[in-house]
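An overview of the molecular structure
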Amino acid sequence: MFLAELFRQGPEQQVRFTTLRGVLSQTPNLQICDPSPSSWGQGGFHDYWLNDSNAWIIPEWSRTGRAIKERCSRGVGSEQGLRMLHQAGRKLLLAQSSDWSFILRAGTTTGLAKERIERHLERFWMLMACIDGEDRMSEAWLNDVEAEDSLFPLIQPADWKQVAV
């Protein structure tokens, strides 16, 4: 409610809103910084999310991140391709959920966490292969996957697009 009011009243109070992409495209000289890592996790660092129990997922996240950035920068040529790209973005975000790596470290429902990460990544790669024409998928399968994971309804592939800085 607070944010809704902020956006509603902001313009009349001369508050301007922008996006990260807007700042990057309008500001030619940005200062580069290296923020100090911190976390609400144990010890104030990322140990809970970066350790031997979940280190295997970091390269996978990096690989999928590079793939979606490259694909989003090239674009797609059809409405179905765009639907698949939206869903691939959802799958990537779901695979990257910090809850999964937290569960792996905590040692609680580790089987479920590992299965979910692998399932989201597998579907991500299936969607990407279909977008690239390397594989085919049925409309029914895409509908089912969209219905199962329909969060982030406003997801935009442009958010992963390569930006020249």
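Owing to the predicted nature of the structure, the values given are computational and were not obtained by experimental measurement. (Residues numbered from 1 in each chain as written. Predicted model: local features only at pLDDT ≥ 70, side-chain atom pairs only at ≥ 80, totals over all residues. Heavy atoms only, no water.)

1. A look at the packing of helix 3 (residues 57–74) against helix 6 (residues 110–131)
Note the following rule: Under this scheme, a helix contributes an axis fitted over its contacting stretch, all axes are lines through C-alpha atoms, and angles between N-to-C directions fall in the 0 to 180 degree range. Numbering of helices and strands runs from the N terminus, with a helix taken as a DSSP run of H or I at least four residues long and a strand as a DSSP run of E at least two residues long. Convention used here: angles under 35 degrees read as roughly parallel, angles over 145 as roughly antiparallel, angles from 65 to 115 as roughly perpendicular, and any remaining angle as oblique. Helix crossings are classified by the rotation of the near helix relative to the far one: an anticlockwise turn of less than a right angle makes the crossing left-handed, while a clockwise turn makes it right-handed. Contacts: residue pairs with any heavy atoms within 4.5 Å of one another.
Close contact between helix 3 and helix 6 brings their axes to 12 Å; oriented N to C, the two are set at 25 degrees. Relative to helix 6, the element helix 3 lies roughly parallel. Crossing of helix 3 against helix 6: the hand is left-handed. Here Ile-57, Glu-60, Arg-63, Thr-64, Ala-67, Ile-68 and Arg-71 of helix 3 lie close against helix 6, whose contacting residues are Ile-117, Leu-121, Phe-124, Trp-125, Met-128 and Ile-131.

2. As for the nonpolar core
The test is simple: Here, the term nonpolar core denotes a set of buried Ala, Val, Leu, Ile, Met, Phe, Trp, Tyr and Cys residues that are joined through side-chain atoms within 4.5 Å. Think of it in three bands: residues with accessible area under 20% of the maximum for their type are buried, residues over 50% are exposed, and the middle band is partly exposed, with areas taken using a 1.4 Å probe on protein chains only.
In this structure, Ile-68, Met-84, Phe-124 and Met-128 are the most contacted members of the largest nonpolar core, which totals 16 residues. Contributions of two or more residues to this core are made by helix 3, helix 4 (79–95) and helix 6. Counting residues per element, this core draws most heavily on helix 6, which supplies five residues. Excluding its chain neighbours within four sequence positions, the residues that come into contact with Phe-124 are Thr-64, Ala-67, Ile-68, Ala-88, Lys-91 and Leu-92.

3. A few points about the side chain of Thr-64
On the secondary structure map, Thr-64 appears in helix 3. In contact with Thr-64, not counting residues within four places along its chain, are Leu-92, Leu-121, Phe-124 and Trp-125.

4. Focus on unusual backbone geometry
If a residue is not glycine, its phi is most likely negative; likewise, a peptide bond is most likely trans. Residues other than glycine seldom take positive phi values, yet Gln-14 does so here, at roughly 60 degrees. As for its position among the elements, Gln-14 is in the loop between helix 1 (2–9) and helix 2 (20–26). The class of Gln-14 is exposed, set by a relative accessible area of 68%. Even without being a glycine, Phe-152 presents a positive backbone phi close to 55 degrees. Within the fold, Phe-152 resides in the segment after helix 7 (139–148).

5. Details of the packing of aromatic side chains
Operational definition: Two rings from Phe, Tyr or Trp (for Trp, the six-membered ring) form a pair when their centres sit within 6.5 Å of each other. Planes less than 30 degrees apart are called stacked, planes more than 60 degrees apart edge-to-face, and all others tilted. Here, over-ring charges are defined by two tests on the NZ atom of lysine or the CZ atom of arginine: distance to the ring centre within 6 Å, and angle to the ring normal within 35 degrees.
Inspection of every chain in the model, using the stated rule, returns two aromatic pairs. Their ring planes at 50 degrees and their centres at 4.6 Å tell us that Phe-7 and Phe-17 sit as a pair that is tilted. Linking Phe-7 in helix 1 with Phe-17 in the loop between helix 1 and helix 2, this pair joins segments that are 10 residues apart in sequence. Ring centres 4.9 Å apart and planes at 90 degrees place the aromatic pair Phe-124 and Trp-125 in the edge-to-face group. Seen from the ring of Trp-56, Lys-114 lies directly overhead, with NZ or CZ sitting 5.5 Å from the centre.

6. Thoughts on the environment of Gly-75
Tracing the sequence through the fold places Gly-75 in the loop between helix 3 and helix 4. Considered as a pair, Gly-75 and Asp-144 are 69 residues apart in the sequence and their alpha carbons are 24 Å apart.

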